[in-house]
Every structure is written in C-alpha cells, then in structure tokens.
Amino acid sequence: MVNFITYFTGILTILAAVSFTFDYIILRPVRIERNAYLQQVFTTRERSNIENRNEFIDLAASLLPWLLALLLFRTLFFDSYYVPSKSMHPTLNVGDRLAVSMFDYSLKDPFFGNQLVETGTPERGDIVVFKNPEQPTTSYVKRVIGLPG
C-alpha cells in the first residue's frame, strides 16, 4: 500500500507535467504570435504591463523538476516511518522516526508496489519495515531473526 504523500506527489507531478505540456504545445505558439503583434502595436512600456504567461503554468513549470525529484527520491531511495509499538525496545522507542532505504532489497513501482528488480535479501539481524497483509495501512518495524531453510 502506497502512502498518501506518494500519491499526492505523483498527482501533483502529473498535473504539473500536463499543464507544462499544454502550455508548450498549445499556448506557446499563440503567445509568440501575440507578442509579435504587440511588438508592432504597443510601445515597450505598454508591452511590459501585458501579462504574457499564466501564473499557474509558471508555477507548474518551476515545480515540475522538484516534484519529479521528490517522487523519485521518496519511492526509490528513502522513505520515513515511525515505530508504532514497544516491540523493538530498547533499540527503538515508540514514536521514533526511521529513514528507511527503499533500495536495499528490491526496486518497486512507486504506485502499485510491484517488484521491478531484486537487489538483495534480508539477513539475520536486519531491521525491516513491512506491511501486514491483513492490515495494509499498518507498517511493522521488526528485526529479522529466522531465515528460510
């Protein structure tokens, strides 16, 4: 189950990309044509008072690279979790925040959680974060004790 921040960042990234693409393909040629006309009709001072670009599209264009970087960073490299119970005491206390490496065991699809590439396996003594299949909204933080075989 993907957390809210990943969905929110993904939706913002898609909206920013769509609005930037819409501006570049459809609105930019119109704006270039209009500016050529304004060059002929108005003085420099009058042209500076006329708005050239939509503020939302300016914001989307400037946020797009940051949103993409945030989405990739959070889903491929690190994510944050908190310790919900005393089961890891005294190593970890209730409410401790953890920065979890998302790349140690496998590379996963950020939205659906499908495994793309396996990069390693858990070893005895590793602290792992996983979701309970019966309660996918709850993350568990545990230490690996037993291994297959």
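Our subject is the structure listed above.
Heads up: these notes are all about the structure in this document.

Conventions we followed
The numbers attached to residues start from 1 for each chain and follow its sequence in the written order. Given that this is a predicted model, residues contribute local features only at a pLDDT of at least 70 and side-chain atom pairs are listed and counted only at 80 or more, while totals for whole chains, interfaces and linings are drawn from all residues. Based on all heavy atoms of the structure, the side-chain values leave hydrogens and waters out of the count. In this text, helices come from DSSP runs of H or I with a minimum length of four residues, and strands from runs of E with a minimum of two, each type numbered from the N-terminal end. Three exposure classes are used, based on accessible area relative to the maximum for each residue type with a 1.4 Å probe and protein chains only: buried under 20%, partly exposed in between, and exposed over 50%. Residue contacts follow a heavy-atom distance rule, with two residues in contact if any of their heavy atoms lie within 4.5 Å. What sets the accessible areas is the Shrake-Rupley method with a 1.4 Å probe; for residues, cover comes only from the shown protein chains. To pair, rings of Phe, Tyr and Trp, with the six-membered ring standing in for Trp, must have centres within 6.5 Å; the planes then decide the type, stacked if under 30 degrees apart, edge-to-face if over 60, and tilted in the middle. Paired strands are those between which DSSP finds at least two bridges.

### Remarks on the overall build of the chain
Turning to step 1, where the next piece is worked out: In terms of helices and strands, the chain carries three helices and six strands.
Turning to step 2, where the next piece is worked out: Of the regular secondary structure in the chain, the N- to C-terminal order runs α-α-α-β-β-β-β-β-β.
Turning to step 3, where the next piece is worked out: The buried share among the 149 residues of the chain stands at 22%.
Turning to step 4, where the next piece is worked out: Taking contacts inside the chain between residues at least 6 apart in sequence as the whole, the part at least 24 apart equals 43%.
Turning to step 5, where the next piece is worked out: A total of about 10900 Å² of accessible surface is found on the chain, and carbon and sulfur atoms cover 63% of it.

### Digging into the packing of aromatic side chains
Turning to step 1, where the next piece is worked out: For the coordinates displayed, the defined rule picks out two aromatic pairs.
Turning to step 2, where the next piece is worked out: An angle of 25 degrees between the planes, with centres 6.5 Å apart, marks the rings of Phe 20 and Tyr 24 as stacked. Linking Phe 20 with Tyr 24, this pair stays in helix H1 (residues 4–41), spanning four residues, or about one helical turn.

### Some points on the pairing of strand E5 (residues 127–132)
Every regular strand shows the same layout, with side chains that alternate between the two sheet faces.
Turning to step 1, where the next piece is worked out: Relative to strand E6 (residues 135–143), E5 runs antiparallel, the two sharing six bridges. Paired with Val 128 across the strands is Lys 142, a residue of E6.
Turning to step 2, where the next piece is worked out: Hairpin remark: E5 followed by E6, antiparallel, with two residues in the connecting loop.

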